[in-house]
Amino acid sequence: MIQIKRILNTILKYRTSSVLTLFSLVVSFVGIIILTLYVSFEKSFDRFHENGASVYRLETKEYGSSVPAAISDIIQKNVPEIEKICILNFNNGKISTPALEQTNSGFRSDMLFVSDSFFDLFSFPLLSGNPQTALTDPYSAVLTETYAKKLFGQANALGESVLIDNAVYKVTGILKDFPKNSSVEADFLTSFSTLTSKNLNGANNWSEWSFNIFTKLRDNADPVATADKIEKIDIVAENVKDMKAHFPNQPFITLRPLEDIHFVNDGKFAYVNPVILNVLVLLTLVLTIMGAVNFINFSTSQAPLRAKALSVLQVLGGKRLSSMAQIVAESVILSVTALLLSLVIYWLSYSHIETMFDISGLSMASRPWFVLWFVLFAVGFGILAGLYPARYITSSPLAQSVKGHIRFSGKGKNFRNTLITTQFIFTIALLAAAFVIEKQLNFWQNFDLGINKEHVVYMNTTNVLRDHSQALANELMKNENIGDYTYSQFIPGNVGMGWGREVDGQYIQLMCWPVDDRFLDFFGIKIADGRGFSKDSKADINTFILNKKAVEKFGWTNPLERQISGFDFMGQIVGVAENINFASLKDEVGPMQFWRTDTRKNNLILRLKPGNYTQTMAFIQNTANKFDPKNQFEVKFLDDALNKLYDKEKRMSRFIEFVALWCMLLAVTGLLGLIIFICRDRIKEIGIRKVNGATIAEVVTMLNRDIVRWVLVAFVLATPFAWYAMTKWLESFAYKTSLSWWIFALAGLLALGIALLTVSWQSWKAATRNPVEALRYE
């Protein structure tokens, strides 16, 4: 009890150092808690499935996870190693009930067509309904618990009818909401037999590469050998032989473990970049090191004062080991106290952080054991971080310490200088990374996609609007603030139809973009060869215009003499367009064709005249409601949809900036501790210099000179590291900015400026002190 009281009294006695130490640890621990929880959440994706270890996703080298659904039956019949197969097809649509339809209400939601084996592969519990039969019959729907309540309130939804895009479905099950750490997610499930019964979405066609197939392997089945067996099935080999030629001497078909799909970006499943997770793990380590550095610097800054007090105890019979134990105990108490304060801050802020960065997984509600891990971490941190100060403070000879003639080794001071330099290496590297990411985002935002996207808005249509598409367009064009219109199935940046076709004995793969006759002129897309689509020409329906990339990749010298098979028709190629970026700028332009059609008018795209946007967009919505009063419509800017393609990079940029500022705060706090140590250690020198005529400016310069040197060393070491890391990051993008020298210079100058602002006030305080007091103190 006496020992604990002495420890607490010591902490209070040196309260300035204790408060700064506590603040530094809280800053460090809050960051460690947030990063640890987030990384552990992302790494937990898809690991809750009972059969997860034997579930794999079918992929190809050419189109990743997008494959034709027709391959599933062939695999099931020819590959005995596969026990179950499940097909997934992502979609979206309006869901409502007959009662909601009376009030023109409903919800536009994410839906997922799945095979009846869905619950055999994935462990998503049904709250009601039979998992073996719920998705067997066509037009069956399984609602999530949230959507069941949205549509039916507290009433039992099982057996009720819902309307999905005006088709009647029977509710055959209620599903517990998908866990947040699931790559597969939707608002409701619908039976895949709905598609196959009428060949909707190309469900029965080999040419429609837009489905996902998951397989459950039998015990002891080798996924590599199984994938090879699939590839060698005659009909499969025949259909992929031309694509396989692009990837010689390597497997074309592969099976990816379910637990790995969260770390592969295919645009359909929840995704996180594994490199980012590794960076966050590194940043967690950085925060731990920086917290320890600050702790050591603050502790050793009190060494002259602490050493004399502890030496008196040793003279009175205490042992050095006991003094060291006291210092370590103080460290543990400060560390645990900092953790408790950090947990309070975490509980008050984690939901706001999730909202700010649009992330999930920071809650400990379902992971209470993390509290115990954090407590153990704080205790271990306190012990390890306290060992060096304990040894350092008690290292001075007892006879000198008692008299107050204390001198500590230069080796220890050099060690502390190295630690503070290391902090600034991390800080400068993070600042440079944040600047590079921001520059890349600006590059994407200002990049010329090859289309005129100024003042463009779009609106999803319904079956009713599509049936009256021309009348709707005519009515809208009466508004003088609307300059032009066009219809297409997809908007730029989100083209989602892949075709595989055989043309003159050559198998080709390309993206297909169904558009009307006004589309190319609307966006100002230039024709390189042949002609564009003729307006109001029925003869041009079901014709194609390729982009130049398709012609180059397929090696065609006479593309205008070729035809491509469509859905029950042969379409003539009438032109070749200049390449445009129809997808994310992260990827190169791929082969693509515009398909002239009078169907598939899923999106109405309009060009507005500048000004009165809000009023004009309200007019568009009201006009749409006149044609289809049972649905609700939302008009959106095309720029917003294009910018959304880079949401992950934007969130990463904000997060890196946040962590960089966090590290800067830690570095500044540590620097403050170090300058306190320096000023106290050199107090006699400062007094002598002032007595001999040194000015305040000269003393401040003397004290700040080392700080400038440390930051410059940190800049020299951090720059190549940051340059290499960001070069590797930019290599993953097809279109990327340059690494300008000023980015690294700005990071270094910013770090130097903040460092000087931090230490100058303490240097000035030491420089303005009365030299007589300083010499008397010594």
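Above this note sits the structure.
It should be emphasised that the depicted structure is a prediction, and the values quoted were computed from it without experimental measurement.

Participant: How would you summarise the overall build of the protein chain if you had to cite specific residues and measurements?
Facilitator: When you go through the protein chain residue by residue, the secondary structure sums to 26 helices and 22 strands. Burial statistics for the protein chain: of 778 residues in total, 53% are counted as buried. For the protein chain, contacts bridging at least 24 residues in sequence account for 79% of all contacts bridging at least 6. Of the roughly 35000 Å² of accessible surface on the protein chain, 56% is carried by carbon and sulfur atoms.

Participant: Account for the nonpolar core, naming residues and giving values.
Facilitator: Here is a general trend for soluble globular proteins: nonpolar side chains tend to be buried in one another's company. The biggest cluster of nonpolar side chains holds 192 residues, and the ones touching the most others in it are L143, V162, W513 and F594. Apart from residues lying up to four places away in sequence, W513 is in contact with S488, F490, I491, P492, V495, F519, I580, F582, M592, Q593, F594 and W595. Judged by nonpolar contacts, the second largest core, of 23 residues, contains F122, L189, F214 and L258.

Participant: How would you summarise a nonpolar patch on the surface if you had to cite specific residues and measurements?
Facilitator: On the surface, a nonpolar cluster with roughly 360 Å² of combined accessible area is contributed by L282, L285, I289 and F721. With three residues, helix α10 (residues 274-301) is the largest single contributor of residues to the nonpolar patch. Examined against the element boundaries, F721 turns out to sit in helix α24 (residues 696-730). For F721, a relative accessible area of 48% puts it in the partly exposed group.

Participant: So, the pattern of salt bridges: which residues are in play, and what are the values?
Facilitator: In total, this model carries 18 salt bridges according to the counting rule given. Of the charged contacts in the structure, one is a salt bridge between K229 and E81, with a shortest N-O distance of 3.3 Å. With K229 in helix α8 (residues 223-231) and E81 in the loop between α3 (71-78) and β3 (82-96), this pair connects stretches of sequence that are 148 residues apart. The class for K229 is partly exposed, based on a relative accessible area of 34%.

Participant: Can you lay out unusual backbone geometry for me, pointing to particular residues and giving the numbers?
Facilitator: You will see that Y139, though not glycine, has its phi angle at about 60 degrees, which is positive. Examined against the element boundaries, Y139 turns out to sit in the loop between β5 (126-128) and β6 (140-144). Even without being a glycine, N612 presents a positive backbone phi close to 55 degrees. Since its relative accessible area comes to 47%, N612 is described here as partly exposed.

Participant: Describe the environment of F122, listing the residues and the values that go with them.
Facilitator: Of note, F122 is situated in the loop between α5 (118-121) and β5. Taking relative accessible area as the criterion, F122 reaches 1% and is therefore assigned buried. Sequence separation between F122 and H49 is 73 residues; the distance between their C-alpha atoms is 5.8 Å. Leaving out residues up to four positions away in the same chain, F122 has contacts with H49, C86, L88, V184, F214 and L258.

Participant: Lay out the packing of aromatic side chains in plain terms, naming residues and giving numbers.
Facilitator: Within the structure shown, the criterion is met by 38 aromatic pairs. Between W444 and Y646, the aromatic rings sit 4.6 Å apart at their centres with planes inclined by 20 degrees, giving stacked as the arrangement. Separated by 202 residues along the polypeptide, W444 in helix α15 (residues 410-445) and Y646 in the loop between α21 (638-644) and α22 (647-681) bring together distant segments of the chain. Residue class for W444 comes out buried when judged on its relative accessible area of 3%. Taken together, the aromatic side chains of F48, F90, F118, F119, F122, F124, F178, F214 and F269 make up a single cluster linked through ring pairs. Taking the ring centre of Y485 as reference, the NZ or CZ of R518 above it sits at 4.0 Å. Across the ring face of F522, the terminal group of R607 is positioned such that the distance to the ring centre comes to 4.6 Å.

Participant: Now, about the side chain of R518: what can you tell me, with residues and values included?
Facilitator: The residue R518 is located in the loop between β15 (506-515) and α18 (519-523) in this model. A polar side-chain atom of R518 sits 2.6 Å from a polar atom in the side chain of D484. In terms of polar contacts, R518 uses its side chain to reach the backbone carbonyl oxygen of Y485, at 3.0 Å. In this structure R518 touches D484, Y485, T486 and K535, once residues within four positions along its chain are discounted.

Participant: Quick rundown of the packing of helix α17 (residues 469-476) against helix α20 (residues 613-627)? Include the residues and the values.
Facilitator: A pair of packed helices is characterised by two quantities: the angle between their axes and the separation of those axes. Where α17 meets α20, the closest approach of the two axes is 10 Å, and the angle between their N-to-C directions is 145 degrees. When you trace α17 past α20, the crossing you get is right-handed. For the pair formed by α17 and α20, the contact residues are A471, L472, E475 and L476 on the first element and F619, I620, T623, A624 and F627 on the second. Taken together, the residues of the contact of α17 with α20 break down into seven nonpolar, one polar and one charged.

Participant: How would you explain α20 if you had to name every residue and give the values?
Facilitator: One turn of the α-helix equals 3.6 residues, which is why residues spaced by three or four share an orientation. Spanning 15 residues, α20 covers 22 Å between terminal C-alpha atoms, matching the ideal 21 Å at 1.5 Å per step. Of all the residues in α20, the buried ones are T616, M617, I620, T623 and A624. All buried residues of α20 project into a common sector of 120 degrees when viewed along the axis, lining one side. Exposed and facing more than 90 degrees away from the buried side of α20 are T614, Q615 and K626. Tucked into the core, α20 has its buried residues touching β12 (456-460), α16 (463-467), α17, β13 (482-488), β21 (603-608) and β22 (635-637).

Participant: Residue-level account of the pairing of β13, with values.
Facilitator: Most of β13 sits inside the fold, with six of its seven residues counted as buried. In this sheet, β21 lies alongside β13 in antiparallel orientation, the contact comprising six bridges. Each bridged residue has a counterpart across the sheet, and for T486 the counterpart in β21 is I605.

Participant: Before we move on, can you summarise α24 with the specific residues and values?
Facilitator: Helix length check: α24 (35 residues) gives 48 Å between terminal C-alpha atoms against 51 Å at 1.5 Å per residue, within 8%. Along α24, the largest kink reaches about 35 degrees and is centred on N704.

Participant: Which residues make up the pairing of β3, and what are the values?
Facilitator: Look at any regular strand and the pattern is simple: side chains alternate between the two faces of the sheet. As judged from the six bridges shared by β3 and strand β10 (residues 209-217), these two strands associate in the antiparallel manner. Paired with I87 across the bridge in β10 is I213. Where β3 meets strand β4 (residues 107-114), eight bridges bridge the pair, whose relative direction is antiparallel. Among the inter-strand pairings, K94 is bridged to a residue of β4, identified as R108. Where β3 lies against strand β7 (residues 161-164), two bridges are found, and the strand directions are antiparallel. Looking at β7, one finds that I95 is bridged to I164.

About the criteria used
Residues numbered from 1 in each chain as written. Predicted model: local features only at pLDDT ≥ 70, side-chain atom pairs only at ≥ 80, totals over all residues. Heavy atoms only, no water. Helix = DSSP H or I, 4+ residues; strand = E, 2+ residues; numbered from the N terminus. Buried < 20%, exposed > 50% of the residue type's maximum accessible area, 1.4 Å probe, protein only. Contact = heavy atoms within 4.5 Å. Areas by Shrake-Rupley, 256 points an atom, 1.4 Å probe, with all protein chains shown as cover. Core = buried A, V, L, I, M, F, W, Y, C linked by side-chain atoms within 4.5 Å. Patch = residues over 30% accessible without salt bridge, like charges linked within 9 Å, V, L, I, M, F, W, Y side chains within 5 Å. Salt bridge = Lys/Arg side-chain N within 4 Å of Asp/Glu carboxyl O. Phe/Tyr/Trp six-rings, centres within 6.5 Å; stacked < 30°, edge-to-face > 60°. Lys NZ or Arg CZ within 6 Å of the ring centre and 35° of its normal. Polar contact = N/O pair within 3.5 Å; in protein donor to acceptor, adjacent residues only side chain to side chain. Axes fitted to C-alpha atoms, helices over the stretch in contact; angles between N-to-C directions. Left-handed = near helix turned anticlockwise from the far one by under 90°. Nonpolar A, V, L, I, M, F, W, Y, C, P; charged D, E, K, R; others polar. Expected span 1.5 Å × (residues − 1). Arc of directions from axis to C-beta. Pairing = 2+ DSSP bridges. Bend = angle between axes of the 7 residues up to and from the residue.

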